[in-house]
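Report on the structure
Now for the letters of each chain:
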Amino acid sequence: MAAVLGGTEVGAATYIVTIEGMEFRPSTLMVHRGDRVVWVNQDIVPHTATSADGRTFDSGHIAPGASWEHVVQGDGSVPYVCTLHPTMQAVLDIRKR
Ligand SMILES: [Cu+2]
């Protein structure tokens, strides 16, 4: 379940994706364009959140205990992975506002 923390622009929200147990939680997150997503790494190893196309977004290494945030652009279903552990897969489902 994603947490909604409120927004910095009208209508925009902030969502948390927890990385824990070698999984992105939630594995599918519905957001709107312009929303902020924060990936929080609660594992003891680094991870990344990298769009499967390698271009839409790429966190680089997120250290244990660290986080990375990104304002969502684009549209539609955007699969992403951890490049360090390719079995870690999840999806941002991006809707138009
Ligand atoms: Cu990983």
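Below, the structure is looked at part by part. Worth saying up front: this structure is predicted, and the values here are computed from it rather than measured.

Some remarks on the coordination of the copper ion
For the copper ion, the full set of protein donor atoms is His47 (ND1), Cys82 (SG) and His85 (ND1), at a range of 1.9 to 2.1 Å. For the copper ion, the donor residues sit on a single chain with the sequence spacing H-x34-C-x2-H. For the pair Cys82 and His85, one class covers both residues: buried.

Observations regarding the pattern of salt bridges
The final tally for this structure, using the stated rule, is seven salt bridges. Taking the shortest distance from any N to any O, the salt bridge between Glu20 and Arg25 comes out at 3.4 Å. Overall, the relative accessible area of 31% leaves Glu20 in the partly exposed class. Look at Arg25 and you get partly exposed, because its relative accessible area is 38%. Arg55 is paired through a salt bridge with Asp53; the nearest N and O atoms lie 4.0 Å apart. Overall, the relative accessible area of 69% leaves Arg55 in the exposed class. Salt bridges sharing common partners tie together Glu20, Glu23 and Arg25.

What to know about the sheet that holds strand S1 (residues 14–20)
The sheet built from four strands is open, its strands ordered S2-S1-S4-S6 with mixed pairing. Each edge of the open sheet is held by one strand with a lone partner, namely strand S2 (23–25) and strand S6 (67–71). The mean angle between the axes of side-by-side strands here comes to 20°, regardless of whether they run parallel or antiparallel. Strand direction decides the pairing type here: S1 and S2, joined by three bridges, are antiparallel. From the neighbouring strand, Glu20 faces S2, where its bridge partner is Glu23.

Rules used throughout
- Residues numbered from 1 in each chain as written.
- Predicted model: local features only at pLDDT ≥ 70, side-chain atom pairs only at ≥ 80, totals over all residues.
- Heavy atoms only, no water.
- Donors = N, O, S within 2.8 Å, 3.2 Å for Na, K, Ca; no water.
- Buried < 20%, exposed > 50% of the residue type's maximum accessible area, 1.4 Å probe, protein only.
- Salt bridge = Lys/Arg side-chain N within 4 Å of Asp/Glu carboxyl O.
- Pairing = 2+ DSSP bridges.
- Helix = DSSP H or I, 4+ residues; strand = E, 2+ residues; numbered from the N terminus.
- Axes fitted to C-alpha atoms, helices over the stretch in contact; angles between N-to-C directions.

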